[in-house]
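# Structural description and commentary
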Amino acid sequence: AQKITQTQPGMFVQEKEAVTLDCTYDTSDPSYGLFWYKQPSSGEMIFLIYQGSYDQQNATEGRYSLNFQKARKSANLVISASQLGDSAMYFCAMREMAGGSYIPTFGRGTSLIVHP
Amino acid sequence: SAVISQKPSRDICQRGTSLTIQCQVDSQVTMMFWYRQQPGQSLTLIATANQGSEATYESGFVIDKFPISRPNLTFSTLTVSNMSPEDSSIYLCSVEDPDRYGYTFGSGTRLTVV
């Protein structure tokens, strides 16, 4: 079974609008972490935001916020006021304990295109 | 956050040859991760490398094909051996960031096998 599921292969948004990228996860580990990364066409992986499984509040980093719904095992990324430079692939990832170490696993990604 | 220098950034190689990819980290880290990203796909973990011990390989990846060295806490290499066109991918190294929750990645190696 997929540990990280991103059901939106592609998303389109108008510049200055908000967009939500979906992510659901599957784990039996009570202590885990959730991440979002941005990968522009240059190929670099850019860390956006982190949410710990025990965090009570949703994580925020500037225009990025993570809508964490633990009971539903979802960790959606919300980008407010989209900019043209936000066009990229977005990967949801989870780290959980495996063999005594925290190992990260990535979803298939969502391609976001921001229209002017 | 940690900074990783990854080399080479890209290469075009003949089938049957090998390529060694290097990652240098500006701080000491316990674990280093190696990923493969095939065109249009997600990141697939190849192996986890700890200093002073054998790398731990994920299902579908073997040491003979992807030997890894980890001579110290700031450096690691991944070799792609006996390459075929199916090995054409981006290869990325990554470390757990010592300053925050998250992982820092090298800039990637774009490998094309012809």
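Given the structure is predicted, the values throughout are model-derived calculations rather than measurements.

### Digging into the state of the cysteines
- Under the definition given, this model contains two disulfides over all chains.
- Covalent S-S linkage joins Cys23 of chain A and Cys92 of chain A, the inter-sulfur distance amounting to 2.0 Å. Taking the torsion about the S-S bond as the criterion, the Cys23 of chain A to Cys92 of chain A disulfide, at about -65°, is left-handed. Linking Cys23 of chain A in the loop between strand 3 (19-21) and strand 4 (24-25) with Cys92 of chain A in strand 10 (residues 88-98), this pair joins segments that are 69 residues apart in sequence.
- On the accessibility criterion, Cys92 of chain A (0% relative accessible area) is buried.
- Two residues share a disulfide in this structure: Cys23 of chain B and Cys93 of chain B, whose sulfurs sit 1.8 Å from each other. Here the disulfide of Cys23 of chain B and Cys93 of chain B is left-handed, its torsion about the S-S bond being about -90°. A residue pair is termed long-range when its members are at least 10 positions apart, and Cys23 of chain B in strand 3 (residues 19-25) and Cys93 of chain B in strand 9 (residues 89-96) qualify at 70 residues. Each member of the pair, Cys23 of chain B together with Cys93 of chain B, is buried.
- Among the cysteines around Cys13 of chain B, which has no disulfide bond, Cys23 of chain B carries the closest sulfur, lying 16 Å off.

### A word on the packing of aromatic side chains
Residue and element names in this part refer to chain A.
- Summed over all chains, the structure comprises 15 aromatic pairs over all chains.
- Residues Tyr25 and Tyr32 carry aromatic rings whose centres are separated by 5.1 Å and whose planes lie at 50° to one another, so their mutual orientation is tilted.
- On the basis of relative accessibility, which here comes to 5%, the residue Tyr25 falls in the buried class.
- Geometrically, the ring pair formed by Tyr37 and Phe106 is tilted, given 5.8 Å between the ring centres and 55° between the ring planes. Highlighted residues: Tyr37 in strand 5 (residues 33-39) and Phe106 in strand 11 (residues 101-106), separated in sequence by 69 residues.
- Here Tyr37 falls in the buried class, since its relative accessible area comes to 0%.
- Look at Phe106 and you get buried, because its relative accessible area is 7%.
- Looking at Arg63, its charged tip hangs above the ring of Tyr64, at a distance of 5.6 Å from the centre.
- Lying over the aromatic face of Tyr102, Arg95 brings its terminal NZ or CZ to 4.3 Å of the ring centre.

Reading the values: rules and limits
- Residues numbered from 1 in each chain as written.
- Chains lettered and ligands numbered in written order.
- Predicted model: local features only at pLDDT ≥ 70, side-chain atom pairs only at ≥ 80, totals over all residues.
- Heavy atoms only, no water.
- Disulfide = S-S within 2.5 Å.
- Helix = DSSP H or I, 4+ residues; strand = E, 2+ residues; numbered from the N terminus.
- Buried < 20%, exposed > 50% of the residue type's maximum accessible area, 1.4 Å probe, protein only.
- Phe/Tyr/Trp six-rings, centres within 6.5 Å; stacked < 30°, edge-to-face > 60°.
- Lys NZ or Arg CZ within 6 Å of the ring centre and 35° of its normal.

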